[in-house]
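Each chain, letter by letter, is given below.
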Amino acid sequence: MDKLTGGQVLVRCLEQHGVRHIFGIPGDVTVPIYEALQKSKINHITTRHEQGAGFMADGYARASRQPGIAVVISGPGVTNIATAMGEAYTDSVPLLVLSADVATTSYGKQADFNHEISDQQSLTAAICAKSIRIQSIKDIPISVNDAFEHFRIRWPQTIHIGIPTDILEESDLVDIPSFTQTPAAVPGADQIQKAVDILRGADSPIMILGGGSYRARHLTPKLAECIGASVVTTMNGKDSFPNDHELYLGAGFHFASIADAVNNSDAILAVGTQFGRSDFAAVSAMDLLPQYAARQKPLIRADVTRTQLHANIPATVELLGDSKTTITILLEKITIGKESRSRAPTQRIKKEVEKQARELGANYEPWLKAVRKSVPNEGIIAIDSTLIAYLGFPFIDIPMEGSWLYPSAFGTLGYSLPAAIGAKIAQPDRPAIAIIGDGGFLFTCTELLTAVENDIGLPVLVWNDRGFGTIRMNMKSRGMIPLGVNFSIPNLTDVASGFGSGYENPKTPDELANCIQVALGQNSPTIIEVIYE
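None of the values given here were measured: they were computed from a predicted structure. (Residues numbered from 1 in each chain as written. Predicted model: local features only at pLDDT ≥ 70, side-chain atom pairs only at ≥ 80, totals over all residues. Heavy atoms only, no water.)

Moving on, we get to the overall build of the protein. On a plain count of helices and strands, the protein comes out with 22 helices and 20 strands. Against the globule reference of 24 Å for 533 residues, the protein gives a C-alpha radius of gyration of 24 Å, in line with a compact fold. Every one of the 533 residues in the protein was classed for burial, and the buried ones make up 59%. Counting only contacts in the protein whose residues sit at least 6 apart along the sequence, the fraction spanning at least 24 positions is 75%. Entry remark: accessible area of the protein is about 20800 Å², with carbon and sulfur atoms responsible for 51%. (Helix = DSSP H or I, 4+ residues; strand = E, 2+ residues; numbered from the N terminus. Rg over C-alpha atoms; globule rule 2.2 N^0.38 Å. Buried < 20%, exposed > 50% of the residue type's maximum accessible area, 1.4 Å probe, protein only. Contact = heavy atoms within 4.5 Å. Areas by Shrake-Rupley, 256 points an atom, 1.4 Å probe, with all protein chains shown as cover.)

Structure below.
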């Protein structure tokens, strides 16, 4: 057994877990990691900002359903990536952030070292499932294995591992044990039977599928058909169920027809969802679903994390386990199906949802339908926190799992461009598009260079409404004169030229569709600016 540095131990652990890509920016305190990466098959993607590295790793994870990895320096590297850590944390994305940390002899002393934060774990604890400070070189394999195990069988959220600079440099004989997988939890037989009895007896059940249900995507349509259930997804789970299925009502509870349908149901099966306010039109689940909150109707919740089984609204029946395992067991037990039940009620509600969507988003419908028309079914759509997303998302059907990248809970700006780049690195053979507002574009537009350097053909649709359109609309609705929301942006023709990107300025939805199709065939990004008057 040869002696290894802390950096070498870390990289070998990542190799053992099949890591193929890392996103980050090197610094003097992380050189030992990069020294090890030089001799590794892991491909390092250099970004222009640590926030971009975090968002790329997030998009990589959502598109590949494998953990996304980012490496940053201590201090400013950690604070720069913090927004991306918060986004992955709230959207349940398996993001592993590896950083340097203050040397063990200086920890907590505020000795004014370069890149020093006296207690990084306290800083990141609120935006991580775990924030770990390595205590010895032999702790590195334990902590890395624990992180990947957490992603596999627990709630997949951001994990941060900080490694003191002296441990990264230190050499020692370190055993890197093979990774032994712990069996995932399986719901108890009594709880399964209770759920089966409820679903068999329900006349108008509803299934609510969150981002945590994606592993069961090939099974949930069969279960919905078997029990005759209409299906609603959360915004985070929009790609967890085929959007063109006849039992699919839509995403989120922003439309009255969906909220009414759920309230009028006689049983709910909720899989992999937090029942958070971001999916319930900023209303608590307790208020939106009063009969379920009062346990007058049965609510069945399935989740890998016990605390989520009663978060925000308590469950009548708790199914603790992976979504794929849980749905498989339910399908085996529910032998009397209701496949012949009329789909007419679901189709009627769906038409009402479509009508309400057009009332709110009529101006965006033709543009987003042009997007959907031009992006193949296997395509990946990364969309930002922007007005065209808030009011236009119902017009984008998502046929495939791992195709919808949206910062639904934290609601950050600037997400979609780097997330789409990360998705393309994870899935190079799948087309992808980033949709972003003019304000959000300025947050992360420098990552266009990352796409150029990696030969990534990526249409970047910039919806230019000359400001923060959503906030401007909200201010006007309050009778305010808009303040702080109107601004100018650079000439995007010049920006594209300077970054080595293409540029297009379509004037109609048909022109937009053509621009996207051409951009998808390039080996560099294309800014497609739609100026919305």
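Overall, parallel pairing links the six strands, which are arranged β11-β10-β9-β12-β13-β14 in an open sheet. Edge positions in the sheet fall to β11 (248–251) and β14 (317–320), since each has one partner strand and no second. Taking the axes of each pair of neighbouring strands and ignoring which way they run, one obtains an average angle of 15 degrees across the sheet. Pairing between strand β9 (residues 205–209) and strand β12 (residues 267–271): five bridges, direction parallel. From the neighbouring strand, Leu 209 faces β12, where its bridge partner is Val 271. The strands touched by helix α10 (residues 256–264) are β9, β10 (230–233), β11 and β12; relative to β11, the strand with the most contacts, the crossing angle is about 120 degrees. Running at roughly 30 degrees to β11, helix α14 (residues 344–361) makes contact with β10 and β11 of the sheet. (Pairing = 2+ DSSP bridges. Axes fitted to C-alpha atoms, helices over the stretch in contact; angles between N-to-C directions.)

Moving on, we come to the packing of aromatic side chains. Counted by the stated rule, this structure contains eleven aromatic pairs. A centroid spacing of 6.2 Å and a plane angle of 75 degrees characterise the contact between Phe 148 and Phe 151, whose relative ring orientation is edge-to-face. Of this pair, Phe 148 and Phe 151 are both found in helix α6 (residues 139–153), three residues apart, which corresponds to roughly one turn of the helix. With a relative accessible area of 8%, Phe 148 lands in the buried category. A residue is classified by how much of its surface remains accessible, and Phe 151, at 4% relative accessible area, is buried. Pairing Phe 241 with Tyr 248 gives two aromatic rings, centres 6.1 Å apart and planes at 25 degrees, and the pair type is stacked. On the basis of relative accessible area, Tyr 248 is assigned to the buried category, the value being 3%. (Phe/Tyr/Trp six-rings, centres within 6.5 Å; stacked < 30°, edge-to-face > 60°.)

Moving on, we get to helix α13 (residues 323–333). Among the residues of α13, Ser 323, Thr 326, Ile 327, Ile 329 and Leu 330 are the ones counted as buried. Seen along its axis, α13 keeps its buried residues to an arc of 160 degrees; they face one direction. Lining the buried residues of α13 we find α8 (189–201), α9 (220–227), β12, β13 (299–303) and β14. One side-chain oxygen at the N-terminal end of α13 lies 2.9 Å from the backbone nitrogen of Lys 324; it belongs to Asp 322. (Arc of directions from axis to C-beta. Polar contact = N/O pair within 3.5 Å; in protein donor to acceptor, adjacent residues only side chain to side chain.)

Within β13, five of the five residues are buried, which leaves the element mostly enclosed by the surrounding structure. On β13, burial covers both faces: Leu 299, Arg 301 and Asp 303 on one face and Ile 300 and Ala 302 on the other are all buried. Pairing of β12 with β13, which is carried by four bridges, proceeds in the parallel orientation. Within β13, the position partnered with Ala 270 by the bridge is Arg 301.

Scanning all chains against the criterion turns up 13 salt bridges. With a closest N to O distance of 2.4 Å, Lys 130 and Asp 146 form a salt bridge. Taken together, the positions of Lys 130 in strand β6 (residues 130–133) and Asp 146 in helix α6 put the pair 16 residues apart, joining distant regions of the chain. Residue Glu 149 is joined to Arg 152 by a salt bridge in which the shortest nitrogen-to-oxygen separation is 3.5 Å. (Salt bridge = Lys/Arg side-chain N within 4 Å of Asp/Glu carboxyl O.)

Right, let's talk about the sheet that holds strand β17 (residues 432–437) for a bit. Taken in spatial order, the six strands line up as β16-β15-β17-β18-β20-β19 in an open sheet, and their pairing is parallel. Looking at which strands have only one partner, the edges of the open sheet turn out to be β16 (404–405) and β19 (502–504). Judged from the three bridges that link them, β19 and strand β20 (residues 526–531) form a sheet pairing that is parallel. For Gly 502, the partnering residue across the bridge sits in β20 and is Thr 526. Strand contacts of helix α17 (residues 416–426): β15 (380–383), β16, β17 and β18 (459–464), with the helix running at about 170 degrees to β17, the strand carrying the most contacts.

For the rest of this paragraph, the subject is the side chain of Gln 308. Tracing the sequence through the fold places Gln 308 in the loop between β13 and β14. Looking at Gln 308, the relative accessible area reads 7%, which means it is buried. If sequence neighbours within four positions are ignored, Gln 308 has contacts with Trp 155, Gln 274, Arg 301 and Asp 303.

Looking now at the side chain of Ser 501. Mapped onto the secondary structure, Ser 501 falls in the loop between α21 (492–499) and β19. Overall, Ser 501 belongs to the buried group, its relative accessible area being 11%. At 2.9 Å, the side chain of Ser 501 and the backbone oxygen of Pro 525 are in polar contact. Residues contacting Ser 501, with those up to four places away along its chain left out, are Ala 496, Pro 525, Thr 526 and Ile 527.

Within the secondary structure, Ala 195 is located in helix α8. Here Ala 195 falls in the buried class, since its relative accessible area comes to 0%. Measuring from C-alpha to C-alpha, the distance between Ala 195 and Arg 301 comes to 9.3 Å, with 106 residues separating the pair along the chain. In contact with Ala 195, other than residues within four places in its own chain, are Ile 300, Val 317, Leu 319 and Leu 330.

This next bit is on the packing of helix α3 (residues 50–64) against α17. Helix-helix packing is described using two parameters, namely the angle between the two axes and the distance between the axes. In the contact formed by α3 and α17, the axes pass within 6 Å of each other and the chain directions differ by 50 degrees. By the angle between their axes, α3 is oblique relative to α17. Of the two possible hands of crossing, α3 and α17 adopt the one that is right-handed. Contacts between α3 and α17 involve Gly 52, Phe 55, Met 56, Gly 59, Tyr 60, Ala 63 and Ser 64 from the first element and Pro 418, Ala 419, Ile 421, Gly 422, Ala 423, Ile 425 and Ala 426 from the second. By residue class, the composition of the contact of α3 with α17 is ten nonpolar, four polar and no charged. (Parallel < 35°, antiparallel > 145°, perpendicular 65-115°, else oblique. Left-handed = near helix turned anticlockwise from the far one by under 90°. Nonpolar A, V, L, I, M, F, W, Y, C, P; charged D, E, K, R; others polar.)

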